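Chain residues, written in single-letter form:
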Amino acid sequence: MQFLHPSFLWALTLTLIPIIIHFLAFRRYKTVYFSNVRFLQYIKRENQRQSRLKQLLILLCRILAISFIVLAFARPFIPGKLNNNASSQIIGIYLDNSFSMQLASENGTSLEEARQKVVSLIDASSDESQFIICSNNNFNSNRGVLNKQEALQQVSTINSCPYTQTINSAINNIKDNIPEKYVSTPKNLFIFSDFQKNTFSKSSINNDSLTHITLVPVNINTSHNLVIDTCWFDSPTRKMGVKEELFVRIINHSKDTYKDLPLQLHINDTLRVKHPITLLPDTTMEVSLKFKNLSSGNQFLKVSIADYPVTFDNNYYLAFHVKDKLQTLIIADKTKLDHTKKGYYFLETLFNRDETIQAKTVAVNQVPYGQLSNYNTIFITNCHSLSSGLINELQTFVNDGGSLVLFPSPKGDIANYNDLLNTLQVSRIATENKQKLQLANINYKGKLFENVFTEEIKNVKLPTINSSIRYYDQSQYPTETLLQYTNQSPAFMVAALPKGKVYLSTFPLDEEYGNFAKHILFVPIIYNIVLNSSENQIICYQLKQNNSITFTPDKEKTNINDLRLKSLSGELEVRPQIRILPGNEVKLDFINQPDADGTYLLKTEQQDVTPIAFNYSREESTPELLSSSEITSLLQKQQTINVDLMTGSLQSFKEQVTSMNNSLALWKFLLIFALIMLCCEAALIRFWK
């Protein structure tokens, strides 16, 4: 109970007046004794008791009458739930503005209905109430608590956004934004949401005795949804002029059947593939879209379908860079005669026939150390030894993501080769093996042979190796055997480092050591090594509230401090927070930007660095909403305290909020009680003789 005019309570001192009057007016009887009056003495004592009781009851009626009158002038009232301790009342409001709130409801979209309910709540609150308004992308922590006008203004600016959060996270965010001086005061929190199963069921509401939480589900006309869940390539590298296969996963979250729905692929704003699909109810299907990269440079892809009313997951964006030519360096000992029988000659002959590969051969003593970062693949063929400077540069090359292929010479300096292999922490050379060996097994499941063979080759004579070397099995990284000899020992291996790859051959390419360079296996193995040597590109990112991108820039060409992210439409340009990481990596942090899916370009003033694609999270693509009974059941299982559920239409919500806000005035009841006390006093005086 509270008082509208508590200063009137001092008038309660007026209750002393009837008490004083009572003591002054109360007469003590004087006892006079005379003979034979025993019966009269009994009557006298009885009358004294009754008179004293009567006077006390009259005194009580007068005190209560004065007290009720004074309390009535103080205007006492019992406040409603929204006005508890009105001078410092905090009302926290979370308005879910995720994409699922775009679904239709009785009053437009779900977000609009929730907004109207929030406005009704604010209007019904007292003028002294303070508000904290939170949504998935908007907190007023920098502004502190808001008054009614400020709260209404902020609610009007909340629009749909791609971000989501659990209910418990929303409650904690509101509590975190409550100023310290209000922490110990009662608080009312209202949660307006559609309560999707994937955001509420995994959330556990933690509450305290000072906070009362009201969950307000929004009435939604549950809708079907067709979603492009994800897209991917089986191969990690993109090549120009080579057939690419893009896989698309589509999910039908409905009881409807879709027939001949067009699935479209746009590349650089040009429609390249249109594929009709048929989807049965509640099914998932994967579709393969085939195309060729007709040009080099940045490629921006959009896979799309047409589906309503949920549209945020109708598009899926990808972006990658296709190099004009893959740069390959061949390091060889070119001092030998009859070069047509040497390993580097076979490599040059193969690459000169391919328009997508540009190969250059240099002598081992003329390697341009400063240019190694320009190459995707480096072959070392039959060199006798390597300088310490070259070993260090090769280590940097591999650590930055390059592919190194080693065809060692059995007559070479094994200790020198092992210096390189020890530096790379891969298998070291043990000894030379002068025994003739026959290749026998091909690892058809190896990534290098993907899409090379339609079936396993049988009864085919594989290359013969006249002289080879053996490796210790001491690699610090996963090593895969690609070719084996008849004695099950490895003939050709690949070690996968964190970024780069090291291919280790046990035999040289020179013709005198075997016929591998003239065998049919030579072409697909060498060709695929180069094609798979380009760095793995991240073709898309999921859009989050705080986005991060990590990449390795070309420090000679890229001014890191000038990096910015720009949308292709030119409407958005964001400068990130830049952090330098070990290994020449750079991490870019984008806070609250970008906030729309699509394709972007990371660039400087002088250079386009890399293409970027962002997609909305598919977390809310499943339109499964919790019913009121399911929410109640979950609350009971979680054993939450001070949590209520308020359901109903917009009009019903307004009535409930008005009822919560209405205070119970007590002054009328107090006046009635005062009159009753005065009547009781008059009755006691008149009728009690």
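Our structure's up above, just so we're on the same page.
Quick caveat: nothing in here was measured; it's all calculated off a predicted structure.

## Quick word on the overall build of the protein chain
- Looking only at helices and strands, the protein chain has 13 helices and 36 strands in total.
- Looking at the protein chain as a whole, 47% of its 689 residues qualify as buried.
- About 34900 Å² of surface is accessible on the protein chain, with carbon and sulfur atoms providing 50% of the total.

## Details of the pattern of salt bridges
- Applying the stated criterion across every chain yields a total of 16 salt bridges.
- Between Arg579 and Asp589 there is a salt bridge; the shortest N-O distance is 2.9 Å. Linking Arg579 in strand E31 (residues 577-580) with Asp589 in strand E32 (residues 586-591), this pair joins segments that are 10 residues apart in sequence.
- For Arg579, a relative accessible area of 39% puts it in the partly exposed group.

## Structural notes on unusual backbone geometry
- In this model, Asp282 sits at a positive phi of 50 degrees, which is unusual for a non-glycine residue.
- Structurally, the position occupied by Asp282 is in the loop between strand E12 (270-279) and strand E13 (284-292).
- A relative accessible area of 44% places Asp282 in the partly exposed class.
- In this structure, Gln425 is a non-glycine residue whose phi angle is positive, near 60 degrees.
- Among the residues examined, Gln425 registers a relative accessible area of 40% and is labelled partly exposed.

## Observations concerning the nonpolar core
- Counting 37 residues, the largest nonpolar core has Phe351, Phe379, Leu483, Phe492, Phe516, Phe522 and Ile525 as its most contacted members.
- Elements represented by at least two residues in this core include exactly strand E16 (326-332), helix H7 (343-352), strand E19 (403-407), strand E21 (437-442), strand E24 (479-485), strand E25 (490-496) and helix H10 (522-531).
- Here this core takes six residues from H10, the largest share from any one element.
- If we ignore the near neighbours within four places in the chain, the residues touching Phe516 are Leu439, Pro463, Ile465, Leu483, Phe507, Leu509, Leu521, Phe522 and Ile525.
- With 32 residues, the next largest nonpolar core counts Leu226, Leu246, Leu301 and Leu318 among its residues.

How each quantity is defined
Residues numbered from 1 in each chain as written. Predicted model: local features only at pLDDT ≥ 70, side-chain atom pairs only at ≥ 80, totals over all residues. Heavy atoms only, no water. Helix = DSSP H or I, 4+ residues; strand = E, 2+ residues; numbered from the N terminus. Buried < 20%, exposed > 50% of the residue type's maximum accessible area, 1.4 Å probe, protein only. Areas by Shrake-Rupley, 256 points an atom, 1.4 Å probe, with all protein chains shown as cover. Salt bridge = Lys/Arg side-chain N within 4 Å of Asp/Glu carboxyl O. Core = buried A, V, L, I, M, F, W, Y, C linked by side-chain atoms within 4.5 Å. Contact = heavy atoms within 4.5 Å.

Read these as spatial facts, not as claims about activity.
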